[in-house]
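Survey of secondary and tertiary structure
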Amino acid sequence: MTEAPALPKLAVWKFASCDGCQLTLLNCEDELLTIVGAVNIAYFPEATRAVVAGPYDVSLVEGSITTPEDAERIHEIRSMSRSLVTIGACATAGGIQALRNFGSVAEFRSIVYAHPEYLSTLDRSTPISAHVNVDFELRGCPVDKIQLLEVLASALQSRNPRIPTYSVCVECKRRGNICVTVANGTPCLGPVTQAGCGALCPSFARGCYGCFGPQDSPNMAGFTERLRGLGMSDEDAVRIYRTFNADAEAFRAESERISPSKEDAAR
Amino acid sequence: MTDDTRVLGLAGLQALIDALGLRGYTVIGPTVRDGAIVNAPISSLDDLPRGIGDEQDAAHYRLRDRGDEALFGFAAGAQSAKPVLFPSDELLWRSRRTADVTVIDREVEPPPGPPYALIGVRSCDLRAILMHDQILLERTAADVHYAARRAESFVVAVACTDPAGTCFCVSMDTGPSPRGGYDLALTELYADGEHRFVVAVGTDRGAEVLAEVAATTATADDVAVAERVITEASGRMGRALQTDGLKYLLYANVESPHWDDVASRCLACTNCTLVCPTCFCTSVEDVTDLTGVNAERHRVWDSCFSEEFSYIHGGSVRESTRSRYRQWITHKLAAWEDQFGSFGCVGCGRCITWCPAGIDITVEAAALRGTPRKTSQRS
Ligand code: SF4
Ligand code: SF4
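**Focus: the overall build of chain A**
Of the regular secondary structure elements, chain A holds 13 helices and five strands. For 267 residues, the compact-globule formula gives about 18 Å, and the C-alpha radius of gyration of chain A, at 20 Å, lands near that figure. Based on the C-alpha atoms only, the size of chain A along its principal axes is roughly 70 × 55 × 30 Å. By residue count, 51% of the 267 residues in chain A fall in the buried class. Long-range pairs, those at least 24 residues apart, make up 70% of the contacts in chain A between residues at least 6 apart in sequence. If you sum the accessible surface of chain A, you get close to 12300 Å²; carbon and sulfur atoms cover 56% of it. Side chains of chain A carry 25 positive and 31 negative charges; the gap between the two charge centres is 4 Å.

**Let's talk about the packing of aromatic side chains**
Here a ring pair, both rings aromatic, is described through the centre-centre distance and the interplanar angle of the planes. Residues and elements named next belong to chain B. In this structure the tally under the stated criterion is 14 aromatic pairs over all chains. With a centroid separation of 6.3 Å and an interplanar angle of 45 degrees, the aromatic rings of W259 and Y325 are classed as tilted. Of this pair, W259 sits in helix α9 (residues 258-265) while Y325 is found in helix α11 (residues 321-340), placing the two residues 66 residues apart along the sequence. Judged by its relative accessible area of 0%, W259 falls in the buried class. Its relative accessible area of 3% is what places Y325 among the buried residues.

**A word on the nonpolar core**
One finds Y241(A), W328(B) and L333(B) to be the most contacted residues of the largest nonpolar core, which totals 50 residues. In terms of residue count, α11(B) provides more of this core than any other element does, five residues in total. Other than its neighbours up to four places away in sequence, Y241(A) contacts L189(A), M220(A), F223(A), T224(A), L227(A), A246(A), F251(A), E254(A), S255(A) and I258(A). Of all hydrophobic cores here, the second largest spans 38 residues; its members include Y61(B), A117(B), V156(B) and V275(B).

**Comments concerning the interface of chain A and chain B**
In this assembly, 34 residues from chain A lie in contact with 42 residues from chain B. Buried area between chain A and chain B, summed over both chains or domains, comes out near 3000 Å², and the portion from carbon and sulfur atoms is 55%. Between R162(A) and E285(B) there is a salt bridge whose closest N-O contact spans 2.8 Å. If you look at where chain A meets chain B, you find 22 residue pairs in polar contact (both at pLDDT 80 or more). Of all the elements in the fold, those that place two or more residues in the side of chain A that touches chain B are α2 (29-38), α6 (145-156), α7 (168-175), α8 (180-184) and α10 (220-229) of chain A. Residues belonging to the side of chain A that touches chain B are distributed by class as follows: 16 nonpolar, 12 polar and six charged.

**Some points on the site of ligand 2**
Near ligand 2, the surroundings consist of C266(B), L267(B), A268(B), C269(B), T270(B), N271(B), C272(B), F305(B), Y325(B), C355(B), P356(B) and A357(B). The residue inventory of the shell around ligand 2, partitioned by class, reads 10 nonpolar, two polar and no charged.

**Observations regarding the environment of F343(B)**
All names here are of chain B. Within the secondary structure layout, F343 lies in the loop between α11 and α12 (350-353). For F343, a relative accessible area of 19% corresponds to the buried category. Between the C-alpha atoms of F343 and M131, which are 212 residues apart in sequence, the distance is 9.8 Å. Setting aside anything within four residues of it in sequence, one finds F343 in contact with M131, M172, T243, L246, K332, L333, W336 and E337.

**Some words on the packing of helix α11 (residues 234-241) of chain A against helix α12 (residues 249-258) of chain A**
All names here are of chain A. Here α11 crosses α12 at 160 degrees, and the two axes come no closer than 9 Å. When the interaxial angle is binned, α11 and α12 end up roughly antiparallel. The way α11 lies across α12 gives a crossing that is left-handed. For the pair formed by α11 and α12, the contact residues are D234, A237, V238 and Y241 on the first element and F251, E254, S255 and I258 on the second. When the residues that make up the contact of α11 with α12 are grouped by side-chain class, the tally is five nonpolar, one polar and two charged.

**Observations concerning the layout of surface pockets**
The space that makes up the largest pocket amounts to roughly 920 Å³. I146(A), R162(A), D89(B), E285(B) and V287(B) are the residues nearest the centre of the largest pocket, which is lined by 33 residues in total. Broken down by class, the residue content of the lining of the largest pocket amounts to 11 nonpolar, nine polar and 13 charged. Here the lining of the largest pocket spans two domains, and each of domain 1 (9-156) and domain 2 (168-259) of chain A adds at least three residues to it.

**Re the domain arrangement of chain A**
Often, the extent of an interface is quoted as the loss of accessible area upon association of its parts. Residues and elements named next belong to chain A. Domain parsing of chain A yields domain 1 (9-156) and domain 2 (168-259). For domain 1 and domain 2, the distance between their C-alpha centres works out to 25 Å. Between domain 1 and domain 2, the residue contacts involve 16 residues of the former and 18 residues of the latter. The largest contributions to the domain 1 side of the interface with domain 2 come from F102, R139 and C141, which together make up 45% of the buried area. Here domain 1 and domain 2 share one salt bridge between them. In this assembly, domain 1 and domain 2 are joined by five residue pairs in polar contact (both at pLDDT 80 or more). Grouping the constituent residues of the side of domain 1 that touches domain 2 by class yields eight nonpolar, five polar and three charged.

**Some details on the site of ligand 1**
All names here are of chain B. Around ligand 1 there are 13 residues in total, and C276, C345, C348, G349 and C351 lie nearest to it. Of all the secondary structure elements, the ones that give two or more residues to the shell around ligand 1 are α11 and α12. Of the residues assigned to the shell around ligand 1, the class counts are nine nonpolar, two polar and two charged.

**A look at a nonpolar patch on the surface**
Taken together, the side chains of I111(A), V112(A), Y113(A) and L119(A) define a hydrophobic patch exposed on the protein surface, amounting to about 410 Å² of accessible area. Counting through the fold element by element, I111(A) comes out in helix α5 (residues 105-112).

**Points about the pairing of strand β6 (residues 89-97) of chain B**
Each regular strand carries side chains that alternate between the two faces of the sheet. Residues and elements named next belong to chain B. With seven bridges connecting them, β6 and strand β14 (residues 294-301) associate as antiparallel partners. Residue pairing for β14: E90 is matched across the bridge by R299. As paired elements, β6 and strand β7 (residues 102-105) share four bridges and run antiparallel to each other. What sits directly across from R96, in β7, is V103.

**Things to note about the pattern of salt bridges**
Residues and elements named next belong to chain B. Counted by the stated rule, this structure contains 45 salt bridges over all chains. Here D68 makes a salt bridge to R66, at a shortest N to O gap of 3.1 Å. Accessibility expressed as a relative area gives 16% for R66, which makes it buried. With a shortest N-O distance of 3.6 Å, E307 and R324 are connected by a salt bridge. On the criterion of sequence distance, the pair formed by E307 in the loop between β14 and β15 (311-312) and R324 in helix α11 is long-range, its members being 17 residues apart. On the accessibility criterion, E307 (24% relative accessible area) is partly exposed. R324 gets classed as buried once you look at its relative accessible area, which sits at 0%.

Rules and cut-offs
Residues numbered from 1 in each chain as written. Chains lettered and ligands numbered in written order. Predicted model: local features only at pLDDT ≥ 70, side-chain atom pairs only at ≥ 80, totals over all residues. Heavy atoms only, no water. Helix = DSSP H or I, 4+ residues; strand = E, 2+ residues; numbered from the N terminus. Rg over C-alpha atoms; globule rule 2.2 N^0.38 Å. Buried < 20%, exposed > 50% of the residue type's maximum accessible area, 1.4 Å probe, protein only. Contact = heavy atoms within 4.5 Å. Areas by Shrake-Rupley, 256 points an atom, 1.4 Å probe, with all protein chains shown as cover. Lys, Arg positive; Asp, Glu negative; His and termini not counted. Charge placed at Lys NZ, Arg CZ, Asp CG, Glu CD. Phe/Tyr/Trp six-rings, centres within 6.5 Å; stacked < 30°, edge-to-face > 60°. Core = buried A, V, L, I, M, F, W, Y, C linked by side-chain atoms within 4.5 Å. Buried area = accessible area lost by both parts, 1.4 Å probe. Salt bridge = Lys/Arg side-chain N within 4 Å of Asp/Glu carboxyl O. Polar contact = N/O pair within 3.5 Å; in protein donor to acceptor, adjacent residues only side chain to side chain. Nonpolar A, V, L, I, M, F, W, Y, C, P; charged D, E, K, R; others polar. Near = heavy atom within 4 Å. Axes fitted to C-alpha atoms, helices over the stretch in contact; angles between N-to-C directions. Parallel < 35°, antiparallel > 145°, perpendicular 65-115°, else oblique. Left-handed = near helix turned anticlockwise from the far one by under 90°. 1 Å grid on protein atoms, 1.4 Å probe; cavity = no way out; pocket = protein on both sides within 12 Å on 5 of 7 lines; lining within 4 Å. Points joined across faces, edges and corners; volume = space filled by probe spheres on them. Domains from an automatic or database assignment. Patch = residues over 30% accessible without salt bridge, like charges linked within 9 Å, V, L, I, M, F, W, Y side chains within 5 Å. Pairing = 2+ DSSP bridges.

Below, the structure is given as structure tokens:
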């Protein structure tokens, strides 16, 4: 008997994050057996204690860089990985913790912690791509299961992943959803947000929260005009731009452009 | 309307739905869902939006209580028949790799569902279906899935008696009363006397089905009232589009500064194209599973407002929103005529209503007429 070819080695890494994206991988219940049959899960502390040493064929990286140690660790991981794919809003845009980028970390620290001197943290939360080369960035807070499987499949088959960058509206219309803005006056970030979730919130008659970050051609100023037309204050508009993808370029720039706060304007 | 114009009462309309069901059709008609008129399978008159009207304007859609019993007292719904006949995601084929050979399974080819009977198709939307027939069936390689669905579908059109604020079928010469392309066409009369439907027969198949339900011959009075409500509806269009010289107007405005103005408002969200009954652009998506053994090819709706849609080797042809809007409206109102011999717009108003930015094709076209033309520029 000939030996079966060695399976590609998969590693899953965590930085500053909530673990939700890794959980998405564990939530692939129907596909888990296929995944285990297709890859060797070499490093995935959230799922197994067994550790196979690197190098790894595919590294999935969750979380943003927020500490000096992490800023070094990511370089080690890069050097051990043939393909490095970031998963989720934290790893791709700095996550909700990038709200610190709009304020003063020293101030937050002194308010929240009794002994802030024990903390070692960076002033900014940054995406993985700010530190190392990234082969693909998968958006979402959390990532979408079907998209994650597509990215894994494409990495294993050495092809480009088929991840569209158009707006959430495409998914709404393909699903037959009724536009919550037009038919109900509900503010919805769908027109400026990248598809990927399958238009989850609008499918339940709620506006989109922008979990997948800006679409490829976001007209932010035009969109802000529409929010104003729906009666939203600029203060509230800044708030909805600054959530899970607060520091994604298009959302950040628009939130700063319209922010009534002086601190932001000076930034 | 001719001598074989018939009349159906409410019980007769129910009998028509039943007769179509008995013939094996999945009967699709207007229903209310999530605050809008949505096509869905129906089996009874109770499924129809009784007494419901609509209020449509740029980026604005609301249902309203009409205070009467009309079953078709609204204008264009959220979608036309497009999602039924030309679905947003069509599986074209599957393939499976075995040890020594790859098997392509085309068994997924038509018919992918039961034949459809479409009830309540508006005149504008019917005209759009006829355009799709021309575009998808007369080209070198016909769309087999569309062909199968279309050949078997039964169309019961309904004249619009209460057009909405975004309707302009009169400008496009496509309505409000259907002129051919239907099996049966209804005009609903509810304001005078008995609630009834004047029925015009379009095909032998339509006549056959109608013979199975208790339709009586229309009186001269029925016919006159039907004609009157349609004439009145024609006078109540919410929008108008001046069509003379439109093609040349658009071609002459390739470099108009007005495109920048539209682009400052347009969100490049694609909604206008995805609600348009005539837009037919799609892309092909290949999907594999993790093992790489199974693959599928799908045809999915796409849009000229998406950057990836015009992606070719080296980049996207239409990177700016300015160029995407220009492409869209120029195709609709000019190039379509060179390609297919008519405007690509039937005046249903959906792109106006469902544009979250409230961009209005009639307003933009009118603005171009007012734009001073530059004569010596090339694109
Ligand atoms: S271009 Fe607009 S008004 Fe014309 S058919 Fe399409 S959606 Fe209807
Ligand atoms: S015209 Fe309106 S619906 Fe169409 S892409 Fe622009 S903003 Fe979206």
